[in-house]
Amino acid sequence: MRDRSVDLLSAAGLALAAVAAVWAGAPVALTTVLGVPLVLLAPGYVWTEVFFDSGLGAEIRAALSVALSLTVTALGGVLLYVAGVQLDRASWVALLAATTLIGAAVAAVLRARVRTDPPAQSPARRSVQRISVTQAVRLGLAAVIGAAAVGVAVHSAQVQAQPAFTQLAVNQLLAAPGTAQIVVGNHEQRPQQYRVVASTDGVVSSTWTITVADGGGWRHLVPAGPGQRLAVDVYRGTSGGSPYRHVTITIPPVGAR
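Residues numbered from 1 in each chain as written. Predicted model: local features only at pLDDT ≥ 70, side-chain atom pairs only at ≥ 80, totals over all residues. Heavy atoms only, no water.

As a further point, take the overall build of the protein chain. Looking only at helices and strands, the protein chain features 7 helices and 7 strands. Ordered by position in the sequence, the α and β elements of the protein chain form the string α-α-α-α-α-α-α-β-β-β-β-β-β-β. A sequence separation of at least 24 residues applies to 60% of the contacts in the protein chain between residues at least 6 apart. Working note: accessible area of the protein chain is about 15400 Å², and carbon and sulfur atoms make up 64% of it. (Helix = DSSP H or I, 4+ residues; strand = E, 2+ residues; numbered from the N terminus. Contact = heavy atoms within 4.5 Å. Areas by Shrake-Rupley, 256 points an atom, 1.4 Å probe, with all protein chains shown as cover.)

Structure follows, in structure tokens:
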């Protein structure tokens, strides 16, 4: 079976099926069934065929397949992140499917070049799996690459910059009729100066210049009568330009629900 490359064709078919399922918007259950072996087995299996000869036992081959698959996933995720590619389901499937298809093609070419079968081994020799020095070096290199890839992925996730933003909220206080509360929250990852402008029915009523520490907030009560339209604009810094944040509310008339 292996001489006919059925295993390589199966890995390539799995990759193509996963791509087709994602492209067609298949149910999550189906994409999961196809995605799990694509993440944990297929890429590593075909590249084990490329980097190691066909004399490996089933246990070592399975361990190498899983290790190389996880290496491909970790390194590929880092490369996609560095390239600015969104890490969604489509990009992951494209990465793993392409890696599997390329590996299967290379392994098939290498198999085609082998014209003679390996010498038959006696049952006593087959019971003991041995690897050569070259295979041991390759195995160690694969382990080092896998560990480094996982370390880089974990480090990248830890140092990944979080988006900076400013929060603005305006709400009517039921406990204090005739007033509304302005809330400004700073999540810009540094202290930030703001200019806050409140307008009632289109007329500027109050202006504040404030400095808010990173992770801190500012609250202020303003008059807000029934039926009035209250608008609040927040500017970063003290200069003009377009508002950085804008909120408008209309205070319900008395008796309205």
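Time to look at the packing of helix H1 (residues 6–23) against helix H2 (residues 28–40). Between H1 and H2, the shortest axis-to-axis distance is 9 Å and the interhelical angle comes to 140 degrees. The angle between H1 and H2 places the two elements in the oblique class. Here H1 and H2 pass one another in a crossing that is left-handed. Touching Leu14, Ala15, Ala17, Ala18, Ala21 and Val22 of H1 are Thr31, Leu34, Pro37 and Leu38, all from H2. Counted by class, the contact of H1 with H2 contains 9 nonpolar, 1 polar and no charged residues. (Axes fitted to C-alpha atoms, helices over the stretch in contact; angles between N-to-C directions. Parallel < 35°, antiparallel > 145°, perpendicular 65-115°, else oblique. Left-handed = near helix turned anticlockwise from the far one by under 90°. Nonpolar A, V, L, I, M, F, W, Y, C, P; charged D, E, K, R; others polar.)

What follows deals with the pattern of salt bridges. Throughout the structure, instances matching the rule amount to 3 salt bridges. In this structure, Asp7 and Arg111 form a salt bridge, with 2.8 Å as the shortest nitrogen-oxygen distance. With a gap of 104 residues between them, Asp7 in helix H1 and Arg111 in helix H5 (residues 89–113) connect regions that are remote in the sequence. On the basis of relative accessible area, Arg111 is assigned to the buried category, the value being 17%. (Salt bridge = Lys/Arg side-chain N within 4 Å of Asp/Glu carboxyl O. Buried < 20%, exposed > 50% of the residue type's maximum accessible area, 1.4 Å probe, protein only.)

Taken in spatial order, the 3 strands make up an open sheet running E1-E2-E5, and their pairing is antiparallel. Of all the strands in the sheet, the pair left with one neighbour each is strand E1 (165–172) and strand E5 (217–223). Strand-to-strand, the axes of this sheet are offset by a mean angle of 15 degrees, without reference to chain direction. Pairing between strand E2 (residues 179–187) and E5: 7 bridges, direction antiparallel. Paired with Val183 across the two strands is Arg219, which belongs to E5. (Pairing = 2+ DSSP bridges.)

Let us look at the nonpolar core. Among soluble globular proteins, nonpolar side chains are generally buried collectively. Ranked by size, the top nonpolar core spans 19 residues in total, and within it Ile182, Val184, Val196, Trp208 and Trp218 carry the most contacts. Counting only elements with at least two residues in this core, the list comes to E1, E2, strand E3 (192–200), strand E4 (203–212), E5 and strand E6 (229–236). Counting residues in hydrophobic clusters, the runner-up holds 13 residues, among them Val22, Leu34, Leu96 and Ala97. (Core = buried A, V, L, I, M, F, W, Y, C linked by side-chain atoms within 4.5 Å.)

Turning to its location among the elements, Asp233 is positioned in strand E6. We note that Asp233 is buried and unpaired, the nearest opposite charge coming from Arg195 at a distance of 8.4 Å. Polar contacts involving the side chain of Asp233 include one to the side chain of His246, which spans 2.4 Å. (Lys, Arg positive; Asp, Glu negative; His and termini not counted. Polar contact = N/O pair within 3.5 Å; in protein donor to acceptor, adjacent residues only side chain to side chain.)

Another point: the packing of aromatic side chains. According to the stated counting rule, one finds 2 aromatic pairs in the structure shown. Sitting above the plane of the Tyr235 ring, Arg195 keeps its charged end 4.3 Å from the centroid. It is Arg245 that lies over the ring of Tyr244; its NZ or CZ is 4.2 Å from the centre. (Phe/Tyr/Trp six-rings, centres within 6.5 Å; stacked < 30°, edge-to-face > 60°. Lys NZ or Arg CZ within 6 Å of the ring centre and 35° of its normal.)

As a further point, take the confidence of the model for the protein chain. Detailed conclusions should not be drawn from predicted coordinates in areas where pLDDT is low. On average, residues of the protein chain score 80 in pLDDT, and 75% of them reach the 70 mark or higher. pLDDT under 50 marks residues 122–128. Its contacts with residues more than four places away, or in other chains, come to 1 contact. (pLDDT = per-residue confidence, 0-100.)

A cluster of nonpolar residues, Val36, Leu40, Leu41, Val66 and Leu70, forms a patch on the protein surface that exposes about 380 Å² of accessible area. Structurally, Val66 is set in helix H4 (residues 58–82). (Patch = residues over 30% accessible without salt bridge, like charges linked within 9 Å, V, L, I, M, F, W, Y side chains within 5 Å.)

The next point concerns the side chain of Thr73. Turning to its location among the elements, Thr73 is positioned in helix H4. Apart from the residues within four sequence positions on either side, Thr73 is in contact with Val39, Trp92 and Leu96.

Let us look at unusual backbone geometry. Glycine aside, a negative phi is what most residues show, and trans is what most peptide bonds show. The phi angle at Gln189 is positive, at roughly 70 degrees, despite the residue not being glycine. Counting through the fold element by element, Gln189 comes out in the loop between E2 and E3. With phi around 55 degrees, Asp201 is a residue other than glycine that occupies positive phi space. With respect to the element layout, Asp201 can be found in the loop between E3 and E4.

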